[in-house]
Amino acid sequence: HTAKALWLIYLLLTVFEILFLTLAGMPVFDAVCNSFTTMAAGGFSPHPLSIMGYQNPAITWIISLFMLLAGANFALQYKFFIKGKFRSLLSNDEFRFYLAVITISSLLLCFFLLRSQNSTFSTSLRDSVFQIMPAQHWMKQILLPAGQSRKLSIPKPSVLSARLRSTRISHLQPTIGITYSMT
């Protein structure tokens, strides 16, 4: 039953993202491709300039929202979206911490962009949220590796540095490129 519930959330998020991206003006094929990579935090796009190549702020915000949802606990989302337990997300410590980290990081990057570039607050905020969202996915992999309890805990520095050393750089920078192995 749990696996079906999690797949249902994944499927619903993917379908709704495809729908919203299409409504925002993205071609259907691109919407499907971008939706699959958004859910996996892959950062790949069929457009040569990635998401910024569409030159559509709505598309960037939609993808940012779905990256936020893709990184959140699917069991909580099942309770929220399917069971109608609307307090389940905001009363959960893990989700509140997740939102706090994203909000604080995005605002810090936004203010840095405002100071270093000649752009508006809304453009800086959009770009900072879009850049922070993939980073939170790989940070979860480092802080909470597979099989570890989902309790909120920060590992000891020695454990964290060992995880960082064992993490391939291609996982840390998903938007830079793909490494293929022909073995």
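Residues numbered from 1 in each chain as written. Predicted model: local features only at pLDDT ≥ 70, side-chain atom pairs only at ≥ 80, totals over all residues. Heavy atoms only, no water.

**A closer look at a nonpolar patch on the surface**
Among the surface-exposed residues, Leu 8, Leu 12, Phe 16, Leu 19, Phe 20, Leu 23, Phe 81 and Ile 82 lie close enough to one another that they form a single nonpolar patch of about 700 Å² accessible area. Breaking the nonpolar patch down by element, the ones donating at least two residues are α1 (2-23) and α4 (74-82). The biggest single contributor to the nonpolar patch is α1, with 6 residues. Checked against the element boundaries, Leu 19 lands in helix α1. (Patch = residues over 30% accessible without salt bridge, like charges linked within 9 Å, V, L, I, M, F, W, Y side chains within 5 Å. Areas by Shrake-Rupley, 256 points an atom, 1.4 Å probe, with all protein chains shown as cover. Salt bridge = Lys/Arg side-chain N within 4 Å of Asp/Glu carboxyl O. Helix = DSSP H or I, 4+ residues; strand = E, 2+ residues; numbered from the N terminus.)

**Here we look at α4**
Among the residues making up α4, those that are buried are Phe 74, Leu 76, Gln 77 and Tyr 78. Looking at the buried residues of α4, the elements they touch are α1, α2 (28-40), α3 (57-71), α5 (87-90) and α6 (93-116). Just beyond α4, the residue with positive phi is Gly 84, at close to 75°. (Buried < 20%, exposed > 50% of the residue type's maximum accessible area, 1.4 Å probe, protein only. Contact = heavy atoms within 4.5 Å.)

**Some remarks on the environment of Phe 111**
By the secondary structure assignment, Phe 111 is in helix α6. The sequence separation of Phe 111 and Ser 124 amounts to 13 residues, and the corresponding C-alpha distance is 7.6 Å.

**Here we look at the pattern of salt bridges**
All told, the structure shown has 2 salt bridges when counted by the stated rule. Put simply, Arg 96 and Asp 93 hold a salt bridge, and the shortest N to O gap is 2.9 Å. Of this pair, Arg 96 and Asp 93 both sit in helix α6, 3 residues apart, which is roughly one turn of that helix. The closest approach of N and O atoms between Arg 126 and Asp 127, which form a salt bridge, is 3.3 Å. Judged by its relative accessible area of 13%, Arg 126 falls in the buried class.

**Observations concerning the confidence of the model for the protein chain**
In the predicted model, the protein chain carries a mean pLDDT of 77, and the fraction of residues at 70 or more is 72%. Here residues 167-183 is a poorly scored stretch, pLDDT under 50, and it has 12 contacts once near neighbours within four places are set aside; other chains count. (pLDDT = per-residue confidence, 0-100.)

**Considerations on unusual backbone geometry**
The backbone of Ser 50 shows a phi angle near 60°, a positive value even though the residue is not glycine. Residue placement: Ser 50 occurs in the loop between α2 and α3. The backbone of Gln 55 sits at a positive phi, close to 50°, despite the residue not being glycine. The residue Gln 55 is located in the loop between α2 and α3 in this model. By relative accessible area, Gln 55 is classed as exposed at 71%.

**A closer look at the nonpolar core**
Ranked by size, the top nonpolar core spans 30 residues in total, and within it Leu 13, Leu 21, Ile 59, Ile 63, Tyr 98 and Met 133 carry the most contacts. Looking at this core, the elements that each hand over two or more residues are α1, α2, α3, α4, α6 and α7 (121-143). Here this core takes 8 residues from α3, the largest share from any one element. Leaving out residues up to four positions away in the same chain, Ile 59 has contacts with Leu 21, Ala 24, Met 26, Ile 51 and Tyr 54. (Core = buried A, V, L, I, M, F, W, Y, C linked by side-chain atoms within 4.5 Å.)

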